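Understanding the architecture of this molecule
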Amino acid sequence: MCLLQPLLLLLTTPSVWGARVTVREAPRVQISSQGLLAGREVFVTRTQRARQYLGIPFAQPPVGPLRFAPPATSPLPSWDDVRNSSFQPACMQDRDRFEDHDKLRLESKLFPDERIEFNEDCLYLNVFSPDGNPPNEGWPILLWFHSGDFKVGAPHIWDFSVFAVKQKVIVVTPAYRLNVFGFFTTLDGMAPGNSGLLDQVAALDWVQQQIRDFGGNPDKVVIGGHGAGAVSVGLHLVSPLSQGKFSAALQMSGGPLMTSAIKSHQRGIVADIGDNFGCDELLICLRKISPLILLIQTGTAADWGPVVDGLYVNNTAEAFLPAHPLVLFMEQRFTKVPLMAGYTDMEDALEFSKHDSPDSNDFDKESFNTLIGDSALDGVSEPEDNETCYLDKTFIRDSVSFFYNSDPNNLDDVLLKQKYMYYMTEKKYGASIFNQSFYMSNFKQIFLYRFDYRLKTMGVLDLQDWMTSPQFGEIPFVFGMPYWTSVSSPIIWNSADKKVADSVMGFWGNFTKSFNPAQHGRNIKWEPYNPDMPSVMILDKVFNMSDPATINYKALTFWNEYFPKVVRIATQCCNMTNQSYKIDRTLTYRLFSVYTFYTLLAIFL
């Protein structure tokens, strides 16, 4: 019997994660002011284990009178008996939309026998740490906010076990309230709004207070995220409520200066929602409604997400966003820390492909120019005074189409699709990240990248032949997915993908540990961003700093410096409101606009 005991300790069982769970005694952590938590260990290689501490509450359940309220963290939830690690429900959201967002099908890979549960009681976080004793100062921390456009998403599918072990860091993945539950506001201070972002602040506070119990260093916290998580990171940079709670920031495929980052202030929506539910006393009424019914009935009521609560909400407490992020960056009212930020080569290719048959060849010049013109108006607001002001939309469309017009040669379907994806990536992602870096680079080092490498392994991401790297294209490499040991959905990984994963994890890990992604031991230089000589790291088969042949810097300058002038020229106002004058005025504005446009273009080019 004594001979069998050592063997039994080495036996493993399949896990819902992409790893094998050991059956030796679970590691335990006494969490200050909360209770004793039993974690679990998983093998990420034959000899390396990660420790997982799952489903830790970091605020009181946001239900009943706490619905739409800031997270309640005093006191923190506590327990008497040993609490076992297990995933708790993700925040309320639409399942179909969540599955559409899960481009890598991580839910089915990590949870083959069940689906993630959604519930209003969802403010829990997970901690992934290396095995063994931490260094004297403690492990560095990566606090990770998930993606999902602030409407869907779950920390469950972000498995950082491999990353934590190979990079010797702790990763914390919190949930935060989404859609109407996270971003509804009454505009009067009763429901202040941005509750989802305040949940993230509560997770930051929890890390500062409790992470030492896990061997972490609260003085070395990097906040990171993807998509909406990256937008969140950028908003924490400018929020006074987050100052002093992190040391560096990491943004992937998103940022606070994207035109879609800040949503409408919801004026006019509040009364409509109250009327739809027949509410007299609005908050009392809405807090009694079933969470599922509330989710369904308000799903399209607003473009739920961050609002500038310092301007539009009459809050009694300090606002999360006192002004628009661009204003705060321009006024240097942001936390000055190192930043690593970037995007993929064709960010929106997967979304575009949903409306495009893989075998279609009807994407011609006319289709290209139509899409360019229509998308030029994304993020452009109508004048508030539409009686005396006029927005020349045709001028805006023509200006953008002229700059991006396809070559006179007969470009084929594939080249036109690729060119359209480059346009969308530059407009939505590249320009905003470069603009943010311009304001931040005078204070701390900024490291930018573009991820161009095309995944070679089959069965991971649905790529059409014409695509390079779309949004989520870098995630398998950051996560170290080639090292997942899942038995539920085995994947034969291409050896080249494994090598890229090793390097990419190294870049992200180095930034978490030293705020600099460069890998000096491998002789890979990553130069900090310099606005006078801008350059970014191109992550492809070969890692190189960019040159004008690989980054369209003129296009990024167009969106950041020239396009705002186009919009200002296209928006003209006059005190006279006579209808006949308005007709003449339109023609005058267009003639003036055309003259000014070509004058500026001659200077610009």
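Residues numbered from 1 in each chain as written. Predicted model: local features only at pLDDT ≥ 70, side-chain atom pairs only at ≥ 80, totals over all residues. Heavy atoms only, no water.

1. Some remarks on the overall build of the protein chain
Along the backbone of the protein chain there are 20 helices and 18 strands. Counting over 605 residues, the protein chain shows a buried share of 58%. The long-range share in the protein chain, meaning contacts at least 24 apart out of those at least 6 apart in sequence, stands at 77%. Summed over its atoms, the accessible surface of the protein chain is roughly 25,900 Å², and 51% of this surface lies on carbon and sulfur atoms. (Helix = DSSP H or I, 4+ residues; strand = E, 2+ residues; numbered from the N terminus. Buried < 20%, exposed > 50% of the residue type's maximum accessible area, 1.4 Å probe, protein only. Contact = heavy atoms within 4.5 Å. Areas by Shrake-Rupley, 256 points an atom, 1.4 Å probe, with all protein chains shown as cover.)

2. Topic: the confidence of the model for the protein chain
The predicted model of the protein chain averages 87 in pLDDT, with 87% of residues at 70 or higher. Taken together, the stretch residues 1-18 has pLDDT below 50 and engages in 36 contacts with residues farther than four places along the chain or on a different chain. Predicted confidence for residues 576-592 stays below pLDDT 50, and this span has 22 contacts to residues more than four positions away or in other chains. (pLDDT = per-residue confidence, 0-100.)

3. Here's the deal with the environment of Y176
As for its position among the elements, Y176 is in the loop between β10 (170-174) and α5 (179-183). Considering only alpha carbons, one finds Y176 and H146, 30 residues apart in sequence, at a separation of 8.9 Å. In contact with Y176, not counting residues within four places along its chain, are C91, L123, F145, H146, F150, G196, D199, Q200, A228 and G229. Separated by 2.7 Å, the side chain of Y176 and the backbone oxygen of H146 make a polar contact. (Polar contact = N/O pair within 3.5 Å; in protein donor to acceptor, adjacent residues only side chain to side chain.)

4. Focus: helix α8 (residues 269-276)
Turning to α8, its buried residues are I269, V270, I273 and G274. Along the axis of α8, the buried positions cluster into a sector of 135 degrees, meaning they face one direction only. In α8, the exposed positions that point more than 90 degrees away from the buried face belong to D275 and N276. (Arc of directions from axis to C-beta.)

5. A closer look at the environment of F150
One can find F150 in the loop between β9 (139-145) and α4 (161-167). A relative accessible area of 3% places F150 in the buried class. As a C-alpha pair, F150 and G182 span 32 residues in sequence and 8.1 Å in three-dimensional space. The residues contacting F150, other than those within four sequence positions of it, are Y176, L178, N179, F183, L197, A228, V231, S232, W304, G305 and P306.

6. Points about the pattern of salt bridges
The final tally for this structure, using the stated rule, is 25 salt bridges. In this structure, the salt-bridge partner of R51 is E41, at a minimum N-O distance of 3.4 Å. Taken together, the residues span a long stretch of sequence, with R51 in strand β6 (residues 49-57) and E41 in strand β5 (residues 40-43) at a distance of ten residues. The class of E41 is buried, set by a relative accessible area of 3%. (Salt bridge = Lys/Arg side-chain N within 4 Å of Asp/Glu carboxyl O.)

7. A word on the state of the cysteines
Summed over all chains, the structure comprises two disulfides. At a sulfur-sulfur separation of 2.1 Å, the disulfide partner of C91 is C122. Here C91 and C122 share a disulfide; its torsion about the S-S bond, 85 degrees, makes the bridge right-handed. Taken together, the residues C91 in the loop between β7 (83-84) and α2 (95-101) and C122 in the loop between α3 (106-110) and β8 (124-130) connect sequence positions 31 residues apart. The exposure class of C91 is buried, given its relative accessible area of 3%. A sulfur-sulfur separation of 2.0 Å characterises the disulfide bridge that pairs C279 with C285. Taking the sign of the S-S torsion, about -60 degrees here, the bridge from C279 to C285 comes out left-handed. Here C279 matches C285 in class, with each residue buried. (Disulfide = S-S within 2.5 Å.)

8. Some remarks on the nonpolar core
One finds W206, F214, I396 and W508 to be the most contacted residues of the largest nonpolar core, which totals 188 residues. Sequence-distant contacts of W206, defined by excluding residues within four places in its chain, comprise I31, Q34, I56, P57, F58, L76, L125, V127, I211 and F214. (Core = buried A, V, L, I, M, F, W, Y, C linked by side-chain atoms within 4.5 Å.)

9. A short note on the packing of aromatic side chains
Per the counting criterion, the structure on display carries 37 aromatic pairs. A centroid spacing of 4.9 Å and a plane angle of 55 degrees characterise the contact between F160 and F479, whose relative ring orientation is tilted. With F160 in the loop between β9 and α4 and F479 in helix α17 (residues 475-479), this residue pair connects regions lying 319 residues apart in the sequence. Here the aromatic cluster, defined as three or more aromatic residues joined through ring pairs, consists of F352, F403, Y404, Y420, Y423, W466, F558, W559, Y562 and F563. Looking at K220, its charged tip hangs above the ring of F515, at a distance of 5.8 Å from the centre. Sitting over the face of the ring of W559, K427 holds its NZ or CZ atom 5.3 Å from the ring centroid. (Phe/Tyr/Trp six-rings, centres within 6.5 Å; stacked < 30°, edge-to-face > 60°. Lys NZ or Arg CZ within 6 Å of the ring centre and 35° of its normal.)

10. Focus on the pairing of strand β4 (residues 35-38)
Strand direction decides the pairing type here: strand β3 (residues 28-31) and β4, joined by four bridges, are antiparallel. If you follow I31 over to β4, its bridge partner there is G35. Hairpin connection from β3 to β4: three residues lie between these consecutive antiparallel strands, with S33 at a positive phi of about 65 degrees. Bridge count between β4 and β7: two bridges; the pairing is parallel. (Pairing = 2+ DSSP bridges.)

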